[in-house]
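# Chain and residue survey
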There are 2 protein chains.
Amino acid sequence: MITIHGYSPSGNCHKLRMLLGHLGREHRWIETDSARGATRTPGYLAKNPNGKVPMLETEDGRILVESNAILVWLAEGTRYFGGDAWQRAQTLSWMFFEQYSHEPYIAVARFVCGWTPMDSERRKDLPRLRERGNQALAVMQRHLETQTWFSGDSYGIADIALFGYTHCAADGGFDLSRYPAVRDWLDRVRDEPGFVAMPPISDDNRNLIAQSC
Amino acid sequence: MITIHGYSPSGNCHKLRMLLGHLGREHRWIETDSARGATRTPGYLAKNPNGKVPMLETEDGRILVESNAILVWLAEGTRYFGGDAWQRAQTLSWMFFEQYSHEPYIAVARFVCGWTPMDSERRKDLPRLRERGNQALAVMQRHLETQTWFSGDSYGIADIALFGYTHCAADGGFDLSRYPAVRDWLDRVRDEPGFVAMPPISDDNRNLIAQSC
């Protein structure tokens, strides 16, 4: 059985929980609190020198890191990563967009709001993070005005990758009512068979977010 | 014939030139100066709403963006993207590492040094960019102490993706003599058949770099 080392409030980790839910695939989940240093221990760094979650471990101890590469491996041969070479490249294109133009702003704004103290220096970054995050949401809105999914003709791993942090973008101070096609797409994702919602975050994080947005 | 819209001093664009060189594949290159707004024109944004280079255009007008997704599409079925599903996922893992943990520090430090005025506010970011970039180089060094390539058993698109900005990291103030295995790997890449070097950057950029490092 595969093991996922993941932190439940992380959208990058939640992506894997979503796909495993759709596939009905059994797995072991080791809760790994990256916000409190659990990925910086010598034992963890020996497996993943980049010190991040999620990390997948096979029964015989092989390691795969980077959430979107793990999605590709888990989805290979399933309906969640389909189409011809061109369509699969388009799916990957949205997944690279997610990691370069979306996550570093939308996920990081949420982290700063909910996981750093109210007097953190990092809060000065919020205006720029929100400006760039809104640019990413606008690119998604534009795509979804004419297309149903990001993974080609049907729901798949590009949708899962982008759902990871888009569905909780309000935690970072983003107003999704400005992006109606994105909100409709989030609802379509939630309607997919086997959909798994992110577990609630702690009261501490929720209180910090309430004071930040 | 395919068309690449690319800016020659960009490592992200150079990746495509490298792979096309290895493949001996004919293509049209449209020089697109992203540093001077050529990706923000209405015509360009109509093709790529995210406003970045590189962009691949097919003869019948289909568009593919994100350098690493383009590498996957071009390399599909060739020796540059080989192995089984696990090995291909490892290749993608390094490509996501490159876009998330490497490029935003090493490429951006180089951009700040060579493409912004000496009094730019962005130069205040250089210490943090260099700290995070050195972390990425240390992860690469550790891998290369026991492995020859990032793409599995032989040279391929993960090596090309990481070569893009590693080979010019000194432009951002990084000292590659601290990473001997990385330097040896750069030399191995340069020895690959069909290797294409990045064209020289302009004197203006070179002068700014000389004052910055």
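Residues numbered from 1 in each chain as written. Chains lettered and ligands numbered in written order. Predicted model: local features only at pLDDT ≥ 70, side-chain atom pairs only at ≥ 80, totals over all residues. Heavy atoms only, no water.

### A word on the overall build of chain A
- Helix and strand content of chain A: eight helices and four strands.
- Listed by position from the N terminus, the elements making up chain A come as β-α-β-α-β-β-α-α-α-α-α-α.
- Its C-alpha atoms give chain A a radius of gyration of 17 Å, near enough to 17 Å, the size a compact globule of 213 residues would have.
- By principal-axis analysis of the C-alpha atoms, chain A measures approximately 50 × 45 × 25 Å.
- Burial statistics for chain A: of 213 residues in total, 57% are counted as buried. (Helix = DSSP H or I, 4+ residues; strand = E, 2+ residues; numbered from the N terminus. Rg over C-alpha atoms; globule rule 2.2 N^0.38 Å. Buried < 20%, exposed > 50% of the residue type's maximum accessible area, 1.4 Å probe, protein only.)

### Regarding the interface of chain B and chain A
- Each side of the interface is counted separately: chain B has 33 residues, and chain A has 33 residues.
- Here chain B meets chain A over a buried area of about 3,100 Å², counting both sides, of which 67% is carbon and sulfur.
- Looking only at chain B, the three residues that lose the most surface to chain A are Trp86, Phe96 and Tyr100 of chain B, adding up to 27% of its buried area.
- Between the two partners, chain B and chain A, sit zero salt bridges.
- Among the elements of the structure, α2 (42-47), β4 (63-65), α3 (67-75), α4 (85-115) and α5 (126-144) of chain B are those that each provide at least two residues to the side of chain B that touches chain A.
- Per element, the largest residue contribution to the side of chain B that touches chain A is 14 residues, and it comes from α4 of chain B. (Contact = heavy atoms within 4.5 Å. Buried area = accessible area lost by both parts, 1.4 Å probe. Salt bridge = Lys/Arg side-chain N within 4 Å of Asp/Glu carboxyl O.)

### A word on the relation of the copies chain B and chain A
- When chain B is brought onto chain A, the operation consists of a screw motion whose angular component is 180 degrees and whose axial shift is 0.0 Å, with 0.0 Å RMSD remaining. A rotation of that kind, with that shift, is consistent with a two-fold axis. When C-alpha positions in chain B are compared against the rotation axis, the closest is assigned to Tyr100 of chain B, at 3.1 Å.
- Mapped onto chain A, 100% of the interface residues of chain B are again interface residues, and the two copies thus contact each other with one and the same surface. (Least-squares fit on C-alpha atoms with pLDDT ≥ 70 in both.)

### Topic: the sheet that holds strand β1 (residues 2-6) of chain B
Residues and elements named next belong to chain B.
- One open sheet holds the four strands; their spatial order is β2-β1-β3-β4, and the pairing between them is mixed. The open sheet terminates on both sides in strands that have one partner only, identified here as β2 (27-31) and β4. Mean inter-strand twist for the sheet, computed between neighbouring axes without regard to direction, equals 20 degrees.
- As paired strands, strand β3 (residues 55-57) and β4 are joined by three bridges and run antiparallel to one another. What sits directly across from Met55, in β4, is Val65.
- Set on the sheet, helix α1 (residues 11-23) makes contact with β1 and β2; between it and β1 the angle comes to about 145 degrees.
- α3 contacts β1, β3 and β4 of the sheet and is inclined by roughly 120 degrees relative to β4. (Pairing = 2+ DSSP bridges. Axes fitted to C-alpha atoms, helices over the stretch in contact; angles between N-to-C directions.)

### Description of the domain arrangement of chain A
All names here are of chain A.
- Partitioning chain A into structural domains gives domain 1 (2-75) and domain 2 (85-198 + 203-212).
- Computed over C-alpha atoms, the centres of domain 1 and domain 2 are 20 Å apart.
- Between domain 1 and domain 2, the contact holds 20 residues from the first and 24 residues from the second.
- Between domain 1 and domain 2, roughly 1,600 Å² of surface is buried when both sides are summed, and carbon and sulfur atoms account for 65% of that area.
- If you sort the residues of domain 1 by the area they bury against domain 2, His14, Met18 and His22 come out on top, with a joint share of 32%.
- On the surface where domain 1 and domain 2 come into contact, there are one salt bridge.
- A salt bridge links Glu98 to Lys15; its shortest N-O distance comes to 3.0 Å.
- Counting across the interface, domain 1 meets domain 2 through 14 residue pairs in polar contact (both at pLDDT 80 or more).
- Sorting the residues of the side of domain 1 that touches domain 2 by element identifies α1 (11-23) and α3 (67-75) as the ones contributing at least two each. (Domains from an automatic or database assignment. Polar contact = N/O pair within 3.5 Å; in protein donor to acceptor, adjacent residues only side chain to side chain.)

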